[in-house]
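Listed below, chain by chain, are the residues.
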Amino acid sequence: MKQPDTFDPGRHDAHSETATLLSRREFFRITSGALSMAAVPAGLAQTADGAAIDAVLPAHVQLTINGQTRSVDIDPRQSVLDVLREVLGLTGTKKGCNQGACGACTVLIDGKRVLSCLALAAMHDGASITTIEGLAQNDRLHPLQAAFVDHEAFQCGYCTPGQIMSGIGCIAEGHARSVDDIRFWMSGNICRCGAYPGIAAAVAEAAGRKEA
Amino acid sequence: MIPFRLQKVRTEVDAIAAARAGGRYIAGGTTLVDLMREEVERPERLVDINALPLGGIRTEDDQLVIGALARMSEVAAHPDTLRLQPLIAEALIEGASPQLRNVASIGGNLLQRARCPYLRMLDAPCNKRVPGSGCAAIGGVNVGHAILGASAHCAATHPSDLAVALVALDATVRVRGPAGERSFPVELLFRLPEATPHLEHTLQPAELIIEVRVPHDASARHARYLKVRDRSSYEFALVSVAAALHVEKGVIRTARIAAGGVGTRPWRMRASEQALVGRAPDRASFEEAAQRSLDGARPLSGNGYKAELLPRTMVRALEMTREVV
């Protein structure tokens, strides 16, 4: 797939002019969306060896995301993660490894913590999805979000949405009874900054608050 | 990922028909989607079987019956699993991560592909990926590879922890396909690589795993799974051992042992089992039996440590079975 042109605010051709008028995130959202559409000519898809496939048409799915029901046309290859980020603009859920190894893309699907990068959206028609954007009530943080702040449970923050969604699952499953328990049951979420002590403390505190 | 057609089916008949037409079954998809994205797997048709009534866990007499679409987390937490076959719960929890276990099915777990790094490396030879292209691991990086059951064509280990426990417990798998239904030991689901490492299991085309049955055995309560790996959780085994002992009046009556991370399929340790029967359950017996685990072992350039780690892990797993209260 063709990569988007490098975003260089120092350049002054027409292309970068457009870019500088947009936020960095907005720029990537638009360009990646356009590219993913361009890569999927409905009905014209071919395999690498040139054989036409009869029915690679956009699939239509209905997803309830953070309580709001959305109808979206998707390519069968798109993951729930890519639909959240690129189609629906919900960029709180992060793409880390995109191969099911890091946990950054964790969301709740029908109440269970799962990896959205390995979930094909076309296989989740009718699903109810909770993302990091769905946790706070207006300005009031979810107790686990507040605990992450209190315990400085992050440094760069990239893994944090996945950690928090996984932590909610961990508490709901009853696997937050001790720090050792939490460390084992949160081990599907990698933090390259090494904020693990804060993460475990935050999950423990939120689990305690819930029981209280 | 190459384009594919996704077909959702509601009955086994439709599923099998779709697979006969060239479709590839998908359940949790935690292995398949990843390998499709890497273009190691290139199915042009997927058959989504999640709507089939193959979930759930039940008991028939004292036999545990696990539906092929039951999820790893569900099976691990089920009271019947914990009561009848705690070894299965322990092996499941030692595999993957909670997020993966919430999605990955039992049938898919058994059929997951090897974790050899060269399988995923499209510019390296791999007889599993491209039959006849050669094996990059045998003369390359093979620290994680098998010391038992390898051929000149492949030395990849089977990655499932669950399968190790099921092989130790003499579990059977029930499958249905175009020619009807059949049952056979889980151990026989897995092929040795020999000259055809791209053929990993013994299912016929379009055959579908229906359920796994685990017979009750007097050793079931005293059964443990010990997994040794580079970090303490969420990692594949370097060596793992499932062990179950039934001891009566100070004498071992039944021993069940299988190992993971050391063989090209989950490896039943029959010589070690036989060495234990009739003996006292003590360290000396365990050490003697564990030495038999190396019968036929052939280490590669980078995995010789497994020939030490395997017997040690077995001794410790056997001791752990005696610590169960």
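What counts, and where the lines are drawn
- Numbering of residues starts from 1 in every chain and runs along the sequence as written.
- Think of it this way: whatever chain is written first is A, whatever ligand is written first is 1, and the rest follow in order.
- Under the rules for a predicted model, residues below a pLDDT of 70 receive no local features and side-chain atom pairs below 80 are neither given nor counted, while totals for whole chains, interfaces and linings still include all residues.
- By definition, two strands form a pair when at least two bridges between them are found by DSSP.
- By the criteria applied, helices consist of DSSP H or I runs no shorter than four residues and strands consist of E runs no shorter than two, each listed in order from the N terminus.
- For every element, the axis is a line fit to its C-alpha atoms; helices are fit only across the contacting stretch, and the angle between N-to-C directions ranges from 0 to 180 degrees.
- Residue pairs are scored as contacts if the distance between their C-beta atoms, which are placed from the backbone, is within 7 Å.
- Each domain's extent is set by a domain assignment, obtained either automatically or from a database.
- For this scheme, ten residues count as nonpolar: Ala, Val, Leu, Ile, Met, Phe, Trp, Tyr, Cys and Pro. Four count as charged, namely Asp, Glu, Lys and Arg, and the remainder, Gly too, count as polar.
- One less than the residue count of a helix, multiplied by 1.5 Å, gives the span that helix is expected to have.
- Any residue with 12 or fewer other C-beta atoms within 10 Å of its own C-beta is exposed, any with 20 or more is buried, and the rest are partly exposed; the C-beta atoms used are placed from the backbone.
- Each residue gets a pLDDT score, which is the predictor's confidence in that residue and runs from 0 to 100.
- Think of a nonpolar core as buried Ala, Val, Leu, Ile, Met, Phe, Trp, Tyr and Cys residues, each tied to the set through C-beta atoms within 7 Å.
- Angle categories: roughly parallel below 35 degrees, roughly antiparallel above 145, roughly perpendicular from 65 to 115, and oblique for all the rest.
- Helix crossings are classified by the rotation of the near helix relative to the far one: an anticlockwise turn of less than a right angle makes the crossing left-handed, while a clockwise turn makes it right-handed.

Colleague: Break down the sheet that holds strand β1 (residues 59-65) of chain A for me, citing the residues and quoting the values.
Modeller: Residues and elements named next belong to chain A. One open sheet accounts for five strands, arranged β2-β1-β5-β3-β4; its pairing is mixed. Edge positions in the sheet fall to β2 (68-74) and β4 (112-115), since each of these pairs with one other strand and no more. Direction aside, the axes of adjacent strands within the sheet are offset by 40 degrees on average. Along the sheet, helix α5 (residues 160-172) contacts β3 (106-109) and β4; its crossing angle with β3, the most-contacted strand, is approximately 40 degrees.

Colleague: Any chance you could break down the domain arrangement of chain B for me, citing the residues and the numbers?
Modeller: Segmenting chain B into domains produces domain 1 (5-50) and domain 2 (223-323). The distance between the C-alpha centroids of domain 1 of chain B and domain 2 of chain B comes to 36 Å.

Colleague: Kindly report on the pairing of β1(A), identifying the contributing residues and their values.
Modeller: Residue and element names in this part refer to chain A. Pairing between β1 and β2: seven bridges, direction antiparallel. Counted as the bridge partner of Gln-62 is Ser-71 from β2. Following β1, the chain reverses through two residues before pairing antiparallel with β2; Asn-66 in that reversal takes a positive phi of roughly 50 degrees. The pairing of β1 with strand β5 (residues 128-130) spans two bridges and is classified as parallel. What sits directly across from Ile-65, in β5, is Ile-129.

Colleague: How would you sum up the sheet that holds strand β7 (residues 180-185) of chain B? Please name residues and give values.
Modeller: Residues and elements named next belong to chain B. Pairing in this open sheet of five strands is antiparallel, and the strands run β4-β5-β8-β6-β7 from one edge to the other. Two strands bound the open sheet, and with one partner strand each, they are β4 (57-60) and β7. Across the sheet, the mean angle from the axis of one strand to that of its neighbour is 25 degrees, orientation sign disregarded. Where strand β6 (residues 172-177) lies against strand β8 (residues 208-214), five bridges are found, and the strand directions are antiparallel. Across the sheet, the residue bridging to Val-175 is Ile-209, located in β8.

Colleague: Explain the interface of chain A and chain B residue by residue, including any values.
Modeller: In this complex, chain A contributes 28 residues to the contact, which on the side of chain B involves 22 residues. Those elements giving two or more residues to the side of chain A that touches chain B turn out to be β4, α5 and α6 (179-185) of chain A. Here the side of chain A that touches chain B takes four residues from β4(A), the largest share from any one element. Grouping the amino acids of the side of chain A that touches chain B by side-chain chemistry returns 16 nonpolar, nine polar and three charged.

Colleague: Residue-level account of α5(A), with values.
Modeller: Residue and element names in this part refer to chain A. In a regular helix each residue adds 1.5 Å, so 13 residues correspond to 18 Å; α5 covers 18 Å between its end C-alpha atoms and thus fits that length. Here α5 lies mainly inside the structure; 12 of its 13 residues are buried. Taken residue by residue, α5 has Thr-160, Pro-161, Gly-162, Gln-163, Ile-164, Met-165, Ser-166, Gly-167, Ile-168, Gly-169, Cys-170 and Ile-171 as its buried positions. Residue Gly-174 follows α5 closely and has a positive phi angle near 80 degrees.

Colleague: So what's going on with unusual backbone geometry? Which residues, and what values?
Modeller: Even without a glycine there, the phi angle at Asn66(A) is positive, about 50 degrees. Here Asn66(A) is to be found in the loop between β1 and β2. On the basis of neighbour counts, which here come to 16 C-beta atoms within 10 Å, the residue Asn66(A) falls in the partly exposed class. A positive phi angle, near 50 degrees, is found at Tyr234(B), a position not held by glycine. Position of Tyr234(B) among the secondary structure elements: in the loop between β9 (223-228) and β10 (239-248).

Colleague: Report on the confidence of the model for chain A, specifying residues and quantitative values.
Modeller: Atom-level detail of predicted coordinates should not be read off regions where pLDDT is low. All names here are of chain A. In the predicted model, chain A carries a mean pLDDT of 82, and 71% of its residues have values of at least 70. In this model residues 1-20 is a low-confidence stretch, pLDDT under 50, and it forms 16 contacts with partners more than four residues away in sequence or in other chains. In this model residues 32-56 is a low-confidence stretch, pLDDT under 50, and it forms 30 contacts with partners more than four residues away in sequence or in other chains.

Colleague: Can you explain the nonpolar core? Please cite residues and give values.
Modeller: By size, the foremost hydrophobic cluster in this structure holds 156 residues, and its most contacted members are Val203(A), Ala165(B), Leu166(B), Ala242(B) and Ala243(B). Not counting residues within four places of it along the chain, the set of residues in contact with Ala243(B) comprises Ala223(B), Arg224(B), Ile257(B), Met314(B), Ala317(B), Leu318(B) and Thr321(B).

Colleague: Any chance you could break down the packing of helix α4 (residues 143-150) of chain A against α5(A) for me, citing the residues and the numbers?
Modeller: For any two helices packed against each other, the geometry comes down to the angle between their axes and how far apart the axes lie. Residues and elements named next belong to chain A. Taken N-terminus to C-terminus, the directions of α4 and α5 make an angle of 125 degrees; their axes are 10 Å apart at the nearest point. The orientation of α4 with respect to α5, classified from their angle, is oblique. In the crossing of α4 with α5, the sense of the turn from one axis to the other is right-handed. Seen from α4, the contacting residues are Leu-144, Gln-145 and Phe-148; seen from α5, they are Thr-160, Ile-164, Gly-167 and Ile-168.

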